[in-house]
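Structural overview for review
Chain residues, written in single-letter form:
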Amino acid sequence: MSRTRYYVTTPIYYVNDKPHIGHAYTTVLADVMARYHRLFGVPTFFLTGTDEHGQKVQQAAQKAGVDPQTHVDRTVVRFQHLWQQLGITNDAFIRTTDAGHKRVVQEILQDLYDRDEIYRAEYDGWYCVTCERFYMEKDLLNGTCPEAGCGRKVEPIRETNYFFRMSRYQEWLVDYIQTHPSFIQPDFRRNETLGFLRKPLQDLCISRPKSRLNWGVELPFDSQFVCYVWFDALVNYISAIGYRSDPALFERWWPASHHLIGKDILTTHTVYWPTMLKAMRLPMPETVFAHGWWLSGQDKMSKSLGNVVNPFDYIERFGVDAFRYFLTAEMSLGQDASFTEVAFMRRYQADLANDLGNLLSRVVKLIGSHCGGRVPSPGTMGEDEVRIRDVTLAAAKDMVDAVERMRVDQGVTGLTNAIREANRYLERRQPWVLARDGRQAELETVLYAAAECLRIVSGMLFPVMPTKMGELRAVLGVGTEAPSFDRLREWGGLVPGTPVSAAPILFPRQESKPTPVPAATPVEVEGVMSIEYTDFQKVELRTAKIVQAERVEGADKLLRLQVEIGGEARQIVAGIAKFYAPETLIGRTIVVVANLKPAKIRGVESNGMLLAASKDDVLRLVTVDGEMVSGATVK
Ligand code: MSP
């Protein structure tokens, strides 16, 4: 890790909203990033908070019959409560109604006004109450609010206001973005901002007359106005770390390493914010990273559609750590992702209950019954042990790279794959057979290797699932506290003889209670024939275990496989020799078409067909996700 310090922020959330999955996601992601940096020994500051001014808050308070401050004091706890439940380790929680923050906003406004960065003028335009944004006539989309996903009616507005001379920074900003590719990430978001900057940039209206809105920070040079909510809100990133109040603290943390945001607030963060900072003569944040949106199935989540995912429901059913795991692993960072109960259950059962939970309970049970309940002493490592060691250490190393590249999802996938490998390793080495045959030295070597894999992977997954990984590590006798990273980079950290306690069920199996999903529109792919379900039913797909594999003489593309399909032995000939060495296939569970008429391929009988994915020069066998007996139906 090349950083010497790490300052990560989330957007500050509108205090009016009920916390939903979108808020939970950015905050969990920031927490995971912060925890990884702390694990890697990088001094870290993690900031989140709430955006408490503006028209919507004023209106909601009026509706509730209370003053706005009382209203925000009541609503802010919903966020604070959720963060507490989710194990969020923010170092500060900023509220834009904090006296200190308001003072900093006023000082900035005064300074910019004194230096003619802010001026007074008459404004003629349109206003969207929901987005709290002004638009020029030409910005409207068919006469409605042009903000992505809004499209609401706008109101005409003519009034005197104060403006920030944003337009004077347009050229500088374009140049800055082009010469600092890591400033806006992912790359396609950078292009989006550059696209936006192809049109002339307007000056930014930063005031609201009190006659219309008085819930905001008063302009220090004109008490008839309050500050525009976005100008006030963006300042949180510096006011919270001591700008104009604690120079040493500010010096320590600014510029931010990562401003994590959702894609809908890209313009405010990559146009307004950098130009504001430039006018303030402050350095730019290193990276503004815009993640995609969580969709409900394929649809946008919206209150009106009634499909907004409530994080509390999932936390209650599956636990905090499984929820954190799903959010982290499921969204390819930068892209939109679909939140469905089916996807959640799949990951929960496959990755957590089956792969991770099973490996732990198998290893601990075998250590209990054959090694006196203590970490066994490993003997010489064979080829299999070397492989599981290399796979595990590579996954741990890749996780570090993944954090640097903001692809924690990929890092997590690598670690779960290592667990899967360890399960396969046990299948191959069959410690239960070694125990039966009294091959104690080999048995201890195998169990040590599997337990070591668990120690490293659980340490590397600790930032994602701190409670469960703590419990797992306590079983192995390596403590519940955050692990030391140096120990996770090296094989052999478990000390033979250390007592291993009984394994708790980390991820109890869950019954699926599928929520009704609206009928999906069938996707028509051009040039692909649609078939009825009954047609598909004619194909009998089953899992098969490869027990033997060899090349077919005289046919350099073919392998002859002996497979077991639920007690039945079969021979299948497959054109995969270019992609797989025969010995690497033994023990794998693949998927085959079991009811295909037997055929002769190059004179060799083939009784079934295996499934594989192929594109261009790559071919990969279709396997099952986790452990499964042979002969199981695939559908
Ligand atoms: N208050 C402003 C941010 C000011 S930051 C100086 C704001 N607040 S918000 O509460 O409306 O949104 C906060 C974040 O939640 C945004 O980054 C937004 O993208 C994110 N999400 C809202 N719905 C979402 C999903 N369905 N999925 C993922 N994130 C989404 O904007």
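Residues numbered from 1 in each chain as written. Predicted model: local features only at pLDDT ≥ 70, side-chain atom pairs only at ≥ 80, totals over all residues. Heavy atoms only, no water.

1. Here's the deal with the overall build of the protein
A tally of regular secondary structure across the protein gives 21 helices and 27 strands. Structurally, the protein occupies a C-alpha span of about 85 × 60 × 50 Å along its principal axes. When the 635 residues of the protein are sorted by exposure, 51% land in the buried category. Across the protein, the fraction of contacts at a sequence separation of at least 24, relative to all contacts at a separation of at least 6, is 74%. Of the accessible surface of the protein, which amounts to about 29,000 Å², a share of 50% is contributed by carbon and sulfur atoms. For the protein, the distance from the average site of its 75 positive side-chain charges to the average site of its 77 negative ones is 2 Å. (Helix = DSSP H or I, 4+ residues; strand = E, 2+ residues; numbered from the N terminus. Buried < 20%, exposed > 50% of the residue type's maximum accessible area, 1.4 Å probe, protein only. Contact = heavy atoms within 4.5 Å. Areas by Shrake-Rupley, 256 points an atom, 1.4 Å probe, with all protein chains shown as cover. Lys, Arg positive; Asp, Glu negative; His and termini not counted. Charge placed at Lys NZ, Arg CZ, Asp CG, Glu CD.)

2. Considering the domain arrangement of the protein
Size of an interface: often given as the accessible area lost when the parts come together. For the protein, the domain assignment lists domain 1 (340-488) and domain 2 (533-621). For domain 1 and domain 2, the distance between their C-alpha centroids amounts to 30 Å. (Domains from an automatic or database assignment.)

3. What to know about the sheet that holds strand β7 (residues 155-164)
Pairing is antiparallel in the open sheet, where four strands are placed in the order β6-β5-β7-β9. Strands with a single pairing partner mark the edges of an open sheet, and in this sheet they are β6 (133-135) and β9 (204-205). Two elements, strand β5 (residues 118-128) and β6, share three bridges in a ladder whose sense is antiparallel. Across the sheet, the residue bridging to Trp126 is Tyr135, located in β6. (Pairing = 2+ DSSP bridges.)

4. Some details on the site of the ligand
Surveying the vicinity of the ligand reveals 23 residues, the closest of which are Ile12, Asp51, Gly262, Asp264 and Trp294. Contacts to the ligand include Ile12, whose backbone N or O atom sits 2.8 Å from a nitrogen atom. Between Gly262 and the ligand, the recorded distance is 2.9 Å, taken from a backbone N or O atom to an oxygen atom. Expressed as a share of its isolated accessible area of 670 Å², the protein-covered part of the ligand is 95%. The set of elements that each furnish at least two residues to the shell around the ligand consists of β2 (13-14), α1 (21-39), α7 (229-234), α8 (236-239) and β13 (258-262). Among the elements that make up the shell around the ligand, the one with the highest residue count is α7 (three residues). Considered class by class, the residues forming the shell around the ligand number 12 nonpolar, eight polar and three charged. (Near = heavy atom within 4 Å. Polar contact = N/O pair within 3.5 Å; in protein donor to acceptor, adjacent residues only side chain to side chain. Nonpolar A, V, L, I, M, F, W, Y, C, P; charged D, E, K, R; others polar.)

5. Description of helix α3 (residues 68-85)
Between its terminal C-alpha atoms α3 stretches 26 Å, which fits the 26 Å expected from 18 residues at 1.5 Å a residue. Those residues of α3 not exposed but buried are Pro68, His71, Val72, Thr75, Val76, Phe79, Leu82 and Trp83. Immediately beyond the C-terminal end of α3, within one or two residues, lies Gly87, with a positive phi of roughly 70°. (Expected span 1.5 Å × (residues − 1).)

6. A word on the nonpolar core
Counting 99 residues, the largest nonpolar core has Trp294, Phe323, Phe339 and Met460 as its most contacted members. Counting residues per element, this core draws most heavily on helix α13 (residues 341-370), which supplies 13 residues. Aside from chain neighbours lying at most four places away, what touches Trp294 is Ile21, Tyr25, Met301, Phe326, Leu327, Glu330, Met331, Ala337, Ser338 and Phe339. Counting residues in hydrophobic clusters, the runner-up holds 61 residues, among them Ile118, Ile184, Ile206 and Leu266. (Core = buried A, V, L, I, M, F, W, Y, C linked by side-chain atoms within 4.5 Å.)

7. Section: the side chain of Arg455
One can find Arg455 in helix α17 (residues 440-460). Overall, Arg455 belongs to the buried group, its relative accessible area being 2%. A distance of 2.9 Å separates a polar side-chain atom of Arg455 from the backbone oxygen of Arg487. Setting aside residues up to four positions removed in sequence, Arg455 forms contacts with Arg473, Leu476, Val478, Arg487, Leu488, Glu490, Gly492, Gly493 and Leu494.

8. Some words on the sheet that holds strand β16 (residues 299-300)
The strand order across the open sheet built from three strands is β16-β15-β17, with neighbouring strands paired in mixed fashion. With partners counted over all chains shown, the strands left at the sheet margins are β16 and β17 (337-339), one partner each. Both strand β15 (residues 294-296) and β16 contribute to a ladder of two bridges, which runs antiparallel. Across the sheet, the residue bridging to Leu295 is Lys300, located in β16.

9. Some thoughts on the environment of Val174
Here Val174 lies in helix α5 (residues 170-179). On the basis of relative accessible area, Val174 is assigned to the partly exposed category, the value being 21%. Contacts of Val174, omitting those with residues within four sequence positions, involve Leu194 and Leu197.

10. Quick word on the pairing of strand β3 (residues 44-51)
Most of β3 sits out of view: eight of its eight residues are buried. Here strand β1 (residues 6-9) runs beside β3; their pairing, made up of four bridges, is parallel. Directly across from Val8, in β3, lies its bridge partner Phe46. Pairing between β2 and β3: two bridges, direction parallel. Its bridge partner lying in β3, Tyr13 is registered against Thr50. Where β3 meets strand β4 (residues 92-95), four bridges bridge the pair, whose relative direction is parallel. Looking at the pairing, Thr50 lines up with Arg95 of β4.

11. Some details on the pairing of strand β26 (residues 618-621)
The alternating pattern of β26 places Leu619 and Leu621 on a buried face and Val618 and Arg620 on a face that is not buried. Where strand β25 (residues 612-615) meets β26, four bridges bridge the pair, whose relative direction is antiparallel. Each residue of the ladder has a partner; that of Lys615, found in β26, is Val618. Linking β25 to β26, which pair antiparallel, is a turn of two residues; within it Asp616 sits at a positive phi near 45°.

12. Points about the packing of α3 against helix α11 (residues 311-318)
Think of two packed helices as two axes; the pair is described by the angle between the axes and how far apart they sit. Where α3 meets α11, the closest approach of the two axes is 12 Å, and the angle between their N-to-C directions is 25°. On the basis of the axis angle, α3 is roughly parallel to α11. Regarding α3 and α11, the two cross each other, and that crossing is left-handed. In this structure, α3 contributes His81, Leu82 and Gln85 to the contact, and α11 contributes Pro311, Phe312 and Ile315. For the contact of α3 with α11, the per-class residue count stands at four nonpolar, two polar and no charged. (Axes fitted to C-alpha atoms, helices over the stretch in contact; angles between N-to-C directions. Parallel < 35°, antiparallel > 145°, perpendicular 65-115°, else oblique. Left-handed = near helix turned anticlockwise from the far one by under 90°.)

13. Quick look at the packing of α1 against helix α12 (residues 320-330)
The geometry of α1 relative to α12 is characterised by a closest axis approach of 10 Å and an angle of 90° between their N-to-C directions. Judged on the interaxial angle alone, α12 and α1 are roughly perpendicular. Counting all contacts with α1, which are made through Ile21, Ala24, Tyr25, Val28, Asp31, Val32 and Arg35, the residues of α12 involved are Phe323, Arg324, Leu327 and Thr328. Split into classes, the residues belonging to the contact of α1 with α12 amount to seven nonpolar, one polar and three charged.

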